[in-house]
Amino acid sequence: MIRRKDLYTSLSDSAYRFPQKIALVEAATGKKVTYLDLLMQVDRAADMFWEHGIRKGDRVAIAHRNAIDVVVANYGLYKIGAVAIPMNFMVTKQEELLFILNNSGAKAVVTQAEFIRHYLKAQPSLPDLKYIFSTDTIPESAQDKPFVQKFWEQIEKSTYHDETAGPCARTEDDAFILYTSGTTGQPKGAILTHGNLASNVISCAQIFKITDEDCFLCLLPMFHSFAWTTCVVIPLYLNLKVVIVANIMPAKTWLSAMGSENVTLILAVPQILAVLSKEAKGFKRLYLQFWPFKNVRFAVSGAAPLTQEIKDRFEKKIGVKILEGYGLTETSPVVSVNTEELQKIKSVGPAIPSVSTIVLDDEGNEVPRNHEGELCVKGPNVFRGYFGNPQATRDAFTKDGWFKTGDIVSVDDDGFIFIKDRKKDMIIIKGLKVFSAQVEAVIASCPGIEECAIIGVPDGKGGEFVKCYAVKKEGADLTDDQFRKFLKQNLDNYKRPRDFEFVESLPKNSLNKVLKRKLREDAVEKMKQRTDAEHAEAQA
């Protein structure tokens, strides 16, 4: 039986039981660390953080590509009871960086040389930020800044402290705060405790039938709750091996590592599974089946809707089952998942053990089975609130403590959940959430724009891309190039509309609300026409 414990203790227990077992492997570099080596590095990191004034409850941001360094930094913080702030390293705009770092009161940032300039620029406006640690080099522009230090160099200088001899955190203490983009404005920091994540580990281990021989592939970015819980916390809790992927491209690097390290579980977003299945032709198909996927028991798809077409093609071409699941940052994240034994088409499965769900109408009344309503969740995996935002926390829960997911679902007689719509207006780009309201607010500030609407359009590869419909102000001489330049300067790449269209007006209902459904239909039809035209031209 797996017991609930704080995350540092879970790692130390694994190191005690299997000190020489490989814990982490970097696919690109081939670097490996055993559980004993990892624990020693984590202990030294805890000492280093302590020496730099980080105490229990303090927050430290981590903006970093997937690497062993990320695991060492996080678990070093967990040991002293500090709180990690996983940062999306693709967010480079100062407004969002400043909000997250100021709101969290982060005392330090652990990052890489390629991202340091963004934090250097923000530092003068961050009174709480005392240190920026680089895990590799320090750029020339930061050489004269004493608060910019080399992470590993400082670890080597650290010494033992009685205060860091054992774990300072309990299961009810905060482990990390993950900021999710707000539907109506600034991001909100979801607080997840050690116990939240531990409960998700125990439930997932049971549902996935995890064995001592399993090996996980961490392909998605570690700042994403889906990747961190399922691809890092679960295997380290259960003394298993993790193959870490820093960059998805080139794929041959991690595909080769999957075979050599005997990966048995892969967790990904639908777009990655779609690309793999499309590439599975001829010799490539044989290679994928008999090397990377030779030992894979199943793939888990999450963070975005999985189409039946992608599922069928992947299972046929690769020969591995896909289990679709569902979750949110606020639920640590897994809520439901299909199992190897029992799956239903277009369902995200039944709730996992220890998690309860209910479907409510707009008045807060429970709806009958097979009727649509908002999915609400209870369980030990549900977050305790939004950091520094009591109003948002109150709004997120019903009066009797159910967390409101914002997703419209139906639940059948067997308890299988079917996602019908997203109540919260968001677009999912490669598993990352883009909230329309946030992007629309930026575009509305563009000179010459009267109003706009942002929608997600299926890209034909299992994902979505952002499209903008905009109405120009009367008399405005805004050109396509000027608008394109504005988007590039003011929006991060993954939030930036890939396509935009200037229109005379936006379709609206009697309450003057934009009918985004009509815009989506228009965008899909135009994309189909474009694809058909390109296909006909190729055939000519």
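Owing to the predicted nature of the structure, the values given are computational and were not obtained by experimental measurement.

Draft legend 1. Region of the structure containing the overall build of the protein. The helix and strand inventory of the protein stands at 16 helices and 25 strands. The buried share of the protein, taken over its 540 residues, is 56%. The contacts in the protein between residues at least 6 apart in sequence include a share of 67% that link residues at least 24 apart. Across the protein, the 70 positively charged side chains and the 68 negatively charged ones have centroids separated by 2 Å.

Draft legend 2. The pairing of strand 14 (residues 322-327), seen in detail. Counting buried positions along strand 14 yields 5 of 6 residues, so the element is predominantly enclosed. Two elements, strand 13 (residues 298-301) and strand 14, share 3 bridges in a ladder whose sense is parallel. When the bridges of strand 14 are listed, A299 appears paired with I322. In this view, the connection linking strand 13 to its parallel neighbour strand 14 by way of helix 12 (residues 308-318) has right-handed handedness. Turn length for the strand 14-strand 15 (residues 334-337) hairpin, with the two strands adjacent in sequence and antiparallel, is 6 residues, and the turn residue S332 shows positive phi of about 75 degrees.

Draft legend 3. Seen up close, the packing of aromatic side chains. What the rule picks out here adds up to 18 aromatic pairs. Each ring, one from F133 and one from F151, has its centre 6.5 Å from the other, and the planes form 70 degrees; the classification is edge-to-face. Of this pair, F133 sits in strand 6 (residues 131-134) while F151 sits in helix 6 (residues 151-157), and the two are 18 residues apart along the sequence. According to the relative accessible area criterion, F133 is buried, its value standing at 0%. For F151, a relative accessible area of 0% puts it in the buried group. Ring centres of F293 and F314 lie 5.9 Å apart, and the angle between their planes is 80 degrees; on these two criteria the pair is classed as edge-to-face. Here F293 is found in the loop between helix 11 (282-290) and strand 13, whereas its partner F314 is found in helix 12, with 21 residues between them in sequence. By relative accessible area, which is 0% here, F314 ends up buried.

Draft legend 4. Structural context of helix 8 (residues 225-237). Compared with an ideal rise of 1.5 Å per residue, which puts 13 residues at 18 Å, helix 8 spans 16 Å between its outermost C-alpha atoms and falls more than 12% short. Counted residue by residue, helix 8 has 13 buried out of 13 residues, so it is predominantly covered. A positive phi of about 50 degrees marks N239, the residue just after helix 8.

Draft legend 5. Region of interest: the environment of G460. Of note, G460 is situated in the loop between strand 23 (449-458) and strand 24 (464-472). For G460, a relative accessible area of 59% gives the class exposed. Taking the C-alpha atoms as reference points, G460 and I210, 250 residues apart in sequence, are found 33 Å from one another.

Draft legend 6. Representation of helix 10 (residues 270-279) within the structure. The element helix 10 is extensively covered by neighbouring structure, given that 7 of its 10 residues are classed as buried. Listing the buried residues of helix 10 in full gives P270, Q271, I272, L273, A274, L276 and S277.

Draft legend 7. Looking closely at a positive patch on the surface. The grouping of K278, K281, K430, K461 and R498 at the surface amounts to a positive patch. Along the polypeptide, K281 turns up in the loop between helix 10 and helix 11. On the basis of relative accessibility, which here comes to 58%, the residue K281 falls in the exposed class.

Conventions adopted
Residues numbered from 1 in each chain as written. Predicted model: local features only at pLDDT ≥ 70, side-chain atom pairs only at ≥ 80, totals over all residues. Heavy atoms only, no water. Helix = DSSP H or I, 4+ residues; strand = E, 2+ residues; numbered from the N terminus. Buried < 20%, exposed > 50% of the residue type's maximum accessible area, 1.4 Å probe, protein only. Contact = heavy atoms within 4.5 Å. Lys, Arg positive; Asp, Glu negative; His and termini not counted. Charge placed at Lys NZ, Arg CZ, Asp CG, Glu CD. Pairing = 2+ DSSP bridges. Right-handed = clockwise from strand over helix to strand, strands pointing away. Phe/Tyr/Trp six-rings, centres within 6.5 Å; stacked < 30°, edge-to-face > 60°. Expected span 1.5 Å × (residues − 1). Patch = residues over 30% accessible without salt bridge, like charges linked within 9 Å, V, L, I, M, F, W, Y side chains within 5 Å. Areas by Shrake-Rupley, 256 points an atom, 1.4 Å probe, with all protein chains shown as cover. Salt bridge = Lys/Arg side-chain N within 4 Å of Asp/Glu carboxyl O.

Read these as geometric descriptors, not functional statements.
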